[in-house]
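# What the coordinates show
In case you want the letters, here they are:
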Amino acid sequence: GLPSLGLVQNRLHRPEKHLIVQSAFLYWRYPLSEIKRVRPTRTPITAPALSLQRLEIQFFSWRASIVVSPKDREEFLQLLQERCPRAEIRGGAR
């Protein structure tokens with residue numbers, strides 16, 4: 001399943017070795033090396049962002065995935081492409 005991250009837009013910090021997802025007062029850290037796939041999703045029930053321009057991130061080690069809505073989607077995808085060579089990254093410019 002997809003974890004709910006709250007009711008406010010989440011912030012994604014510039015990744016180095018971990019993806020840090022922040023929503024309100026909560027945050028989660030995910031190793032970049034575990035990212036398996038990133039793809040666009042418009043599902044309205046799985047993420048806090050007001051926008052439906054969301055990305056689903058799946059991991060190698062976990063069955064669950066997360067849904068995020070980065071402020072700068074293109075920059076976020078570019079960073080993941082650079083730092084996650086094993087990952088399948090989809091969801092470029094629309």
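Residues numbered from 1 in each chain as written. Predicted model: local features only at pLDDT ≥ 70, side-chain atom pairs only at ≥ 80, totals over all residues. Heavy atoms only, no water.

Tallied over the entire structure, the rule returns three aromatic pairs. Look at Tyr 30 and Phe 59: their rings are 5.0 Å apart centre to centre, the planes differ by 25°, and that puts the pair in the stacked class. Taken together, the residues Tyr 30 in strand 3 (residues 26–31) and Phe 59 in strand 5 (residues 54–59) connect sequence positions 29 residues apart. Neither residue differs from the other here; Tyr 30 and Phe 59 are each classed as buried. Taking 4.9 Å as the distance between ring centres and 80° as the angle between the ring planes, the aromatic pair formed by Phe 59 and Trp 62 counts as edge-to-face. The class of Trp 62 is partly exposed, set by a relative accessible area of 39%. In this structure an aromatic cluster arises from ring pairing among Tyr 30, Phe 59 and Trp 62. Over the ring of Phe 60 we find Arg 86, and its NZ or CZ is 4.1 Å from the ring centre. (Phe/Tyr/Trp six-rings, centres within 6.5 Å; stacked < 30°, edge-to-face > 60°. Helix = DSSP H or I, 4+ residues; strand = E, 2+ residues; numbered from the N terminus. Buried < 20%, exposed > 50% of the residue type's maximum accessible area, 1.4 Å probe, protein only. Lys NZ or Arg CZ within 6 Å of the ring centre and 35° of its normal.)

The complete set of buried residues in helix 1 (residues 73–83) reads Arg 73, Phe 76, Leu 77, Leu 79 and Leu 80. Along helix 1, the residues classed as buried sweep out an arc of 160° about the axis, all on the same side. (Arc of directions from axis to C-beta.)

Our next topic: the pattern of salt bridges. One pass over the structure, following the stated rule, counts three salt bridges. Note that Glu 88 and Arg 37 form a salt bridge whose closest N and O atoms lie 3.3 Å from each other. Here Glu 88, found in strand 7 (residues 88–89), pairs with Arg 37, found in strand 4 (residues 35–41); they are 51 residues apart in sequence, far enough to count as distant. Of the charged contacts, one joins Glu 88 and Arg 90 as a salt bridge, the two residues approaching to 3.2 Å between their closest N and O atoms. For Arg 90, a relative accessible area of 41% translates into the label partly exposed. One continuous salt-bridge network, built from bridges that share partners, spans Arg 37, Glu 88 and Arg 90. (Salt bridge = Lys/Arg side-chain N within 4 Å of Asp/Glu carboxyl O.)

Pairing within the open sheet is mixed, and its four strands lie in the order 6-5-4-7. Each of the sheet's edge strands pairs with one partner strand only, and the pair in question is strand 6 (65–68) and strand 7. With four bridges joining them, strand 5 and strand 6 adopt antiparallel strand pairing. Bridge pairing links Glu 56 to Val 67 in strand 6. Of the strands in this sheet, strand 4, strand 5, strand 6 and strand 7 touch helix 1, which is tilted by about 20° from strand 5. (Pairing = 2+ DSSP bridges. Contact = heavy atoms within 4.5 Å. Axes fitted to C-alpha atoms, helices over the stretch in contact; angles between N-to-C directions.)

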